Amino acid sequence: MAEPLNQAARRWVAWPGAAVAVIGLGGIAALDLSRTDRPREAFVVAMLLAGVAGAATTVLVTRLLVAQRLALRDALTGLPNRALLEDRVSQAFARSRRSGESFALLVVDLDGFKGVNDIRGHEAGNEVLRAISRRLEASVREMDTVARVGGDEFVVLSLGTGSDDEAAALAGRVRHALRRPYRVEGGLVELDASIGWALFPQDGLTPGDLLARADGQMYATKRDTSEETVMPRPPLDGGVVRDLEKALELDEIMVHYQPIVALPSGAVVAVEALVRRIRGDSLVGPSEFVPHVERTPLVRTLTLAVARDALRRLHEWEGRGHELDASINVPYRMIDDGELVLGLERLLESADVAPERLILEVVPSGPAAGSELDATVVRRLRSLGVRLSLDDLGRASSVAAIRMLPLDQVKIDAMFLHEAGRGGRADAIVRSLVELAHGLGLETVAEGVESKLAWEAAVALGCDLAQGFYLGHPMPAQKLADWLTGTWPVVAIAG
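Residues numbered from 1 in each chain as written. Predicted model: local features only at pLDDT ≥ 70, side-chain atom pairs only at ≥ 80, totals over all residues. Heavy atoms only, no water.

(A) Representation of helix 17 (residues 477-486) in the model. Those residues of helix 17 lying buried are Ala477, Leu480, Ala481, Trp483 and Leu484. The buried residues of helix 17 occupy an angular sector of 160 degrees when the element is viewed end-on, so they sit on one face. Every exposed residue of helix 17 that faces more than 90 degrees away from the buried side is listed here: Lys479, Thr485 and Gly486. (Buried < 20%, exposed > 50% of the residue type's maximum accessible area, 1.4 Å probe, protein only. Helix = DSSP H or I, 4+ residues; strand = E, 2+ residues; numbered from the N terminus. Arc of directions from axis to C-beta.)

Rendered as structure tokens:
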């Protein structure tokens, strides 16, 4: 454990201080010698003491300066700590009151950093923090201050930044720098950041007011807290992540497909791709590993593996006379991931399938729901021709996300369909969600259709498509092809 700074400072100045004490005692001895008949010895002693005194003074001053630096700098990264930040903020206040020039405080909180320690180890985490510090300093001007004020929290003091547009531009540069992958021993690490800012004087007249305002804005858009107060996510399990890494290397995953049908005809028009992990003679469902994997770079590899399988199956099914669309699940935070877009582009170039038949089903819960997206990357994604669908419409995170995404489709959360058809609140909510979606020009999918009553409600409430166990369970690709040919329709229609 690191030594407390005040203890470290005392230790650093202790022995030069002791040397000064020894010099004092030696001086007394020299004076005694000079009063005797031994002046030459007294002179030699005095000269030696003078040399020692000069050296000790130099060391003492140097170590005092180092001790002061230790008290004002973060030991791991070398960045200013909270004490030095407070001093520089006070100076910025004084300067701004004299000159009228504004400044900004940005609070930068890392998303997903705990997973680095859990999966790669604390030394890898320290290495990443040092790299983050270098990137932060490279993103600002020399006159600005970057301070580490907590384990994974930083503050930027940006002098002369006087508008929200300027602060937003700086936040964008910082976030772009932090999102680039970090290579550490044992693998690749990727992080995101939530950033809030406050401006002097418009957002506060004291340091406390500014920091509170910046903190509040940061937490309002935090990319890792969308629904955790209602549905807490499990702690990240590094063993689960490493197990799936191995499964992908050994091709031990399988994709099942659940049919999606048109209303009211019941014609099968699409499927949703749902990944499974093969373990011996059994299959492990996505709920066992996706909540862990989606917080790591491995989620990109998994998403592209599922997309590759889906595009191949669409081509196979088309050869058997079934022209379907396929949706694959993508965490919100991956929608503006440049590497994912590049991977999808390569898959589509080699696939004999129209891009619009691939639907990216954005999962708004978990990291990033409702936060700002990199518009340039999203435009690149849209230029591929793929479509975007928003899952779980009706949850708080989906309402936040719907304003950010260039959508084609929404899926109404299954919990409403489970209760629909009885003329109660669920019916009113579904009808309102359908009207909202249609008002935005979006196609609607009713999820969780698991009974004839839910089927009839989805039709009556105006949904365009439906999905659920009443219509068909997820099944392997070959079984789905046989099912399409020989089994469907089994409901639709039926009484």
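Further notes follow.
(B) Seen up close, the sheet that holds strand 1 (residues 103-111). Strand order in the open sheet made by the 4 strands is 2-3-1-6, with antiparallel pairing throughout. Bordering the open sheet on either side are strand 2 (145-148) and strand 6 (192-200), each of which pairs with just one other strand. Strand-to-strand twist in this sheet, taken as the mean axis angle between neighbours without regard to direction, amounts to 20 degrees. Bridge count between strand 1 and strand 3 (residues 153-159): 7 bridges; the pairing is antiparallel. Looking across to strand 3, one finds that alanine 104 is bridged to serine 158. Contacting strand 1, strand 2, strand 3 and strand 6, helix 3 (residues 82-99) crosses the sheet at an angle of about 25 degrees to strand 3. (Pairing = 2+ DSSP bridges. Axes fitted to C-alpha atoms, helices over the stretch in contact; angles between N-to-C directions. Contact = heavy atoms within 4.5 Å.)

(C) Examining the pairing of strand 11 (residues 358-363) more closely. Within strand 11, 6 of the 6 residues are buried, which leaves it mostly tucked inside the rest of the structure. Side chains of strand 11 alternate between two faces, with Leu358, Leu360 and Val362 and Ile359, Glu361 and Val363 buried alike. What joins strand 10 (residues 325-331) to strand 11 is helix 11 (residues 338-350), and the crossover it makes is right-handed. Relative to strand 12 (residues 387-393), strand 11 is paired through 4 bridges, and the arrangement is parallel. Across the sheet, the residue bridging to glutamate 361 is serine 389, located in strand 12. (Right-handed = clockwise from strand over helix to strand, strands pointing away.)

(D) The arrangement of the packing of helix 11 against helix 12 (residues 375-383) in detail. Relative to each other, helix 11 and helix 12 sit at 15 degrees, their axes nearing to 10 Å. Relative to helix 12, the element helix 11 lies roughly parallel. Seen along the crossing, helix 11 lies across helix 12 with a hand that is left-handed. When helix 11 is examined against helix 12, the residues Gly338, Val341, Leu342 and Leu344 are found in contact with a partner set consisting of Val377, Arg380 and Leu381. Residues belonging to the contact of helix 11 with helix 12 are distributed by class as follows: 5 nonpolar, 1 polar and 1 charged. (Parallel < 35°, antiparallel > 145°, perpendicular 65-115°, else oblique. Left-handed = near helix turned anticlockwise from the far one by under 90°. Nonpolar A, V, L, I, M, F, W, Y, C, P; charged D, E, K, R; others polar.)

(E) Expanded view of the pairing of strand 10. Among the 7 residues in strand 10, 6 count as buried, and that is most of the element. As paired strands, strand 8 (residues 268-279) and strand 10 are joined by 4 bridges and run parallel to one another. Residue pairing for strand 10: alanine 270 is matched across the bridge by aspartate 325. The pairing of strand 10 with strand 11 spans 6 bridges and is classified as parallel. The residue of strand 11 that forms the bridge with serine 327 is isoleucine 359.

(F) Molecular detail of the pattern of salt bridges. With the rule as written, the count across this model stands at 26 salt bridges. When the shortest N-O distance is used, the salt bridge between arginine 175 and aspartate 336 registers 3.7 Å. With arginine 175 in helix 6 (residues 164-179) and aspartate 336 in the loop between strand 10 and helix 11, the pair connects residues that are 161 residues apart, well separated along the chain. Among the charged side chains, a salt-bridge network with shared partners connects Arg175, Arg179, Asp192 and Asp336. (Salt bridge = Lys/Arg side-chain N within 4 Å of Asp/Glu carboxyl O.)

(G) Quick peek at the packing of helix 8 (residues 238-249) against helix 10 (residues 298-319). Taken N-terminus to C-terminus, the directions of helix 8 and helix 10 make an angle of 35 degrees; their axes are 11 Å apart at the nearest point. Of the two possible hands of crossing, helix 8 and helix 10 adopt the one that is left-handed. Where helix 8 abuts helix 10, its residues Val241, Leu244, Glu245 and Leu248 lie against Leu298, Thr301, Leu302 and Ala305.

(H) Quick look at the packing of aromatic side chains. The final tally for this structure, using the stated rule, is 4 aromatic pairs. A ring pair is formed by phenylalanine 103 and phenylalanine 200, whose centres lie 5.2 Å apart and whose planes are at 20 degrees; its orientation type is stacked. Remark: phenylalanine 200 occurs in strand 6 and phenylalanine 103 occurs in strand 1; sequence separation between them is 97 residues. Relative accessible area serves as the criterion here: at 1%, phenylalanine 103 is assigned to the buried category. Taken together, the aromatic side chains of Phe93, Phe103 and Phe200 make up a single cluster linked through ring pairs. Note that arginine 135 overlies the ring of tyrosine 182, its terminal NZ or CZ placed 3.8 Å from the centroid. (Phe/Tyr/Trp six-rings, centres within 6.5 Å; stacked < 30°, edge-to-face > 60°. Lys NZ or Arg CZ within 6 Å of the ring centre and 35° of its normal.)

(I) A look at helix 4 (residues 113-120). By the burial criterion, the buried members of helix 4 are Phe113, Gly115, Val116, Asn117 and Ile119. Phi turns positive one or two residues past the end of helix 4, at glycine 121, with a value near 105 degrees.

(J) Expanded view of unusual backbone geometry. Note that the residue after phenylalanine 200, namely proline 201, is joined by a cis bond; omega there is 10 degrees. On the secondary structure map, proline 201 appears in the loop between strand 6 and helix 7 (207-220). Of note in the backbone geometry, aspartate 251 takes a positive phi value of approximately 60 degrees without being a glycine. When you line up the elements, aspartate 251 lands in the loop between helix 8 and strand 7 (253-262). Residue classification places aspartate 251 among the exposed residues on the basis of a relative accessible area of 60%. Of note, aspartate 392 is a non-glycine position whose phi angle comes to about 60 degrees, a positive value. Assignment of secondary structure puts aspartate 392 in strand 12. With relative accessibility at 14%, the residue aspartate 392 sits in the buried group.

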